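Summary of structural features
The residues making up each chain are set out below.
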Amino acid sequence: MIVVPDESALTDPERFGAVFDSHYAEIRRYIGRRLDLDIAEDLAAETFLIAYRRRHRFDPGRGEVRPWLYGIATKLIGRHRRAEVRRYRALARAAQPDVERGHDQRVVDRVAAGITVGRLAGALARLSRGERDVVLLIAYAGLSYLQVAEVLGVAGGTVASRLSRARAKLRDALGVEI
Amino acid sequence: MSEFTVIDEMMPDVPPPNPGEVRRVRARVLRSKGTRRRAPLKWGGAVVAGVVTVALIVVTVVAVSGLVENSASGRQSAPVAGQPGEAWSWGSETATPARPGAEVLKEVVRRVASRRETVRRVWREEYESFSRGWLGDEQERYQVEEDSGGHTDWRGSVGVVTQGSRLPEVRPLTDGDKAAWERAGSPKLCGTTDTGEAGGCAPENNLKNETPHSGSRYAGRMFGETTVRFEKARGLPKDPARLKSYFMAHWAEQAAGSSPPWYSSDELLWWAGVHLLREVPATPGTRAAALRMLAALPNMRLTDEVKDAMGRVGLSFEWKRETAKHTLVYRMLINRATGHPLFVGVETTKGKPKEIGSIGFLVKRVGWTDELPKCATRKVSPCRI
């Protein structure tokens, strides 16, 4: 049976357990795609520990629990900004064929011809932290502009301007619109 | 915002958490006090260091015991199909996946339906195909595999182009099969595309792909129309019930114009869903509906953390169908991030000797692209796409 957590009652530990069951793998995956997996597992656990501690403050009237969790995770990732950038640079330096054969996404279609993991990683490394947060919350979490603004605690216009700058940087780095 | 889809599709993914990790973290979270930790007292550095050391020891012990537990409980992969002692090309599944397949499917469907896509010039699918079956006579039987190598299908607004990397190769599957084939005099082995006796292929050594799965071709014909007409593919229903009704109405219309199809509707729906996911440039909503339609087939088994022959981990759909003469097992493995098929295959486990066998497709890449086959980029185009 699929348990759909009732987000209005997160204060109940059992309900919070359902939230954990529904979102843990997703949050861990999001962090793991930005940082090394060993750090990601620790931060995913930390995300839910923080959420559990702050569950009384969660206001379902302001948004869903999923973006709220992404927000906590993104803030934790921010403490490892240098590690994230180092990881992208390492991916960019690695031999392309080996990198692309070695991970689970190697068979996923490439929407734009000529864009490799290495070039993409290099481009992500050149984004500012704020720009990268916006881009990856959209790309990995599928959040809307409004949700991203809520998650990051910034205005919608800030999200739009960060996106605009990120698009320009990615286009310059990759040579195509993505 | 669809421009960022490429990041999701191309950047490295992470393996799913193992059940031991999830259990430990879950217990740690729900057992926590639920209040903010106090800052350590200034004079308590040594105490804190001691606590941390003890905690590290405890975590190490727990982790090691978890590994032992996982190993003892058979979490290592186990073959799910094939001859005794031999893993089939399908791959293997984890003995105790962390989450029920239905729950994972729900997440995949949500992810696929909310996917932002960038429509490009053509829909491309790169895949490898293989067939397996038994050849020889009553004296010596041996199982062979036909490896057709890599293929790329390019589906554009006016046509389809298929390009293969090489000619198919047929060979005995195992050392035992090879020995049996040699005892039989090493006769010429012929594959599904060989021309039979006219091409020097003895009937008993010609893999004719007699696996009773021809519903695939019948269902696929429908997409021969929709794939060349993008606008029709883009308008397919986004609700599983309506998508099913669309297919059933199509076949009813076909049957009214000719003899009724002899396939079961479930079999046709299986193949329609699989063809749609592989070949059709349908919208993300339709693709999500197709996944739900397939999952709703009777006795469908959904299993997470299944690994294919290339080591790719995904969510598997396994559907067993019994007829009076045959037992067929249909399988599809999907990428949990994109919903795209990684492997599609069908195996006949009961039937006439020549019908026992399997066909499979390892899907290496599928999706929109602006890259065209070389034949379509020449000025005088020999292929319309």
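Quick caveat, the model's predicted, so the values are computed rather than measured.

Quick look at the overall build of chain B
Regarding its fold elements, chain B presents 11 helices and 11 strands. Classification of the 385 residues of chain B by burial places 51% in the buried group. Here chain B has roughly 18,200 Å² of accessible surface; of this, 55% comes from carbon and sulfur atoms.

Digging into helix α7 (residues 129–139) of chain A
Within α7 of chain A, 10 of the 11 residues are buried, which leaves it mostly tucked inside the rest of the structure. Burial in α7 of chain A covers these residues: G130, E131, R132, D133, V134, V135, L136, L137, I138 and A139 of chain A.

A short note on the confidence of the model for chain B
Residue and element names in this part refer to chain B. Mean pLDDT for chain B: 76, with 74% of residues reaching 70 or above. Averaged over each element, pLDDT in chain B is lowest for strand β1 (residues 78–79) (32) and highest for helix α10 (residues 284–295) (97). Long-range and interchain partners of residues 35–89, a stretch whose pLDDT sits below 50, account for 56 contacts in this model, where long-range means more than four residues apart.

A look at the pattern of salt bridges
All names here are of chain B. For the coordinates displayed, the defined rule picks out 35 salt bridges over all chains. The salt bridge involving R171 is made with E169; its shortest N-O contact spans 3.0 Å. In this structure R171 comes out as partly exposed when scored by relative accessible area, which is 33%. Residue E169 is classed as partly exposed on the basis of its relative accessible area of 38%. The salt bridge involving E267 is made with R321; its shortest N-O contact spans 3.3 Å. Here the residue E267 occupies a position in helix α9 (residues 265–279), and R321 occupies one in strand β8 (residues 313–322), the gap between them amounting to 54 residues. Look at E267 and you get buried, because its relative accessible area is 3%.

A few points about the interface of chain B and chain A
Taken together, the contact pairs 56 residues of chain B with 62 residues of chain A. Of the roughly 5,500 Å² buried where chain B meets chain A, counting both sides, 58% is carbon and sulfur surface. Here chain B is connected to chain A by 5 salt bridges. Across the pair E26 of chain A and R110 of chain B runs a salt bridge whose closest N-O atoms are separated by 3.4 Å. Inspection of the region where chain B meets chain A yields 11 residue pairs in polar contact (both at pLDDT 80 or more). Contributions of two or more residues to the side of chain B that touches chain A are made by α1 (5–10), α2 (19–31), α4 (101–113) and β11 (357–369) of chain B. Classifying every residue of the side of chain B that touches chain A gives 22 nonpolar, 10 polar and 24 charged.

Some points on the environment of E177 of chain A
Here E177 of chain A shows up in the segment after α9 (156–174). Classification of E177 of chain A by relative accessible area gives partly exposed; the value is 45%. Note: C-alpha distance between E177 of chain A and R167 of chain A (10 residues apart in sequence) is 7.6 Å. Contacts of E177 of chain A, omitting those with residues within four sequence positions, involve R171 of chain A together with R120 of chain B.

Focus: the nonpolar core
Formed by 64 residues in total, the largest nonpolar core has its most connected members in I31 of chain A together with I7 and M11 of chain B. Broken down by element, this core gets its largest block of residues, 9 residues, from helix α2 (residues 37–53) of chain A. The next biggest cluster of nonpolar side chains, apart from the first, holds 45 residues, and it includes W251, A272, L277 and M300 of chain B.

So, the environment of V19 of chain A
Residues and elements named next belong to chain A. One can find V19 in helix α1 (residues 13–32). Residue classification places V19 among the buried residues on the basis of a relative accessible area of 0%. In sequence terms V19 and Y52 are 33 residues apart; their C-alpha atoms lie 10.0 Å from each other.

Here we look at α9 of chain A
Every α-helical turn comprises 3.6 residues, leaving residues that sit three or four positions apart pointing alike. Residues and elements named next belong to chain A. Between its first and last C-alpha, α9 extends 27 Å over 19 residues, near the 27 Å set by a 1.5 Å rise per residue. The set of residues buried in α9 consists of V159, R162, L163, A166, L170 and L174. Projected onto a plane normal to the axis of α9, the buried residues spread over an arc of 105 degrees and lie on a single side. Across α9 from its buried face, at more than 90 degrees, point the exposed residues G157 and D172.

A short note on unusual backbone geometry
Most peptide bonds take the trans configuration, and most residues that are not glycine carry a negative phi. Residues and elements named next belong to chain B. Positive phi, close to 65 degrees, is recorded for N299, a residue that is not glycine. When you line up the elements, N299 lands in the loop between α10 and β7 (301–307). Phi is positive for E305, which is not a glycine, with a value near 65 degrees. Secondary-structure assignment places E305 in strand β7.

Section: a positive patch on the surface
The grouping of R54, R57, K75 and R79 of chain A at the surface amounts to a positive patch. Relative to the elements of secondary structure, R54 of chain A occurs in the loop between α2 and α3 (65–78).

What to know about the confidence of the model for chain A
The predicted structure's coordinates, where accompanied by low pLDDT, should not be read in detail. Residue and element names in this part refer to chain A. The predicted model of chain A averages 79 in pLDDT, with 80% of residues at 70 or higher. The weakest mean pLDDT in chain A belongs to helix α5 (residues 96–102) at 41; the strongest belongs to α7 at 93. The low-confidence segment residues 1–7, where pLDDT is below 50, has 15 contacts with residues more than four positions distant or belonging to other chains. Low pLDDT, under 50, characterises residues 95–113; the stretch is placed with 67 contacts to residues that sit more than four places away or in other chains.

Conventions we followed
- Residues numbered from 1 in each chain as written.
- Chains lettered and ligands numbered in written order.
- Predicted model: local features only at pLDDT ≥ 70, side-chain atom pairs only at ≥ 80, totals over all residues.
- Heavy atoms only, no water.
- Helix = DSSP H or I, 4+ residues; strand = E, 2+ residues; numbered from the N terminus.
- Buried < 20%, exposed > 50% of the residue type's maximum accessible area, 1.4 Å probe, protein only.
- Areas by Shrake-Rupley, 256 points an atom, 1.4 Å probe, with all protein chains shown as cover.
- pLDDT = per-residue confidence, 0-100.
- Contact = heavy atoms within 4.5 Å.
- Salt bridge = Lys/Arg side-chain N within 4 Å of Asp/Glu carboxyl O.
- Buried area = accessible area lost by both parts, 1.4 Å probe.
- Polar contact = N/O pair within 3.5 Å; in protein donor to acceptor, adjacent residues only side chain to side chain.
- Nonpolar A, V, L, I, M, F, W, Y, C, P; charged D, E, K, R; others polar.
- Core = buried A, V, L, I, M, F, W, Y, C linked by side-chain atoms within 4.5 Å.
- Expected span 1.5 Å × (residues − 1).
- Arc of directions from axis to C-beta.
- Patch = residues over 30% accessible without salt bridge, like charges linked within 9 Å, V, L, I, M, F, W, Y side chains within 5 Å.
- Lys, Arg positive; Asp, Glu negative; His and termini not counted.
- Charge placed at Lys NZ, Arg CZ, Asp CG, Glu CD.

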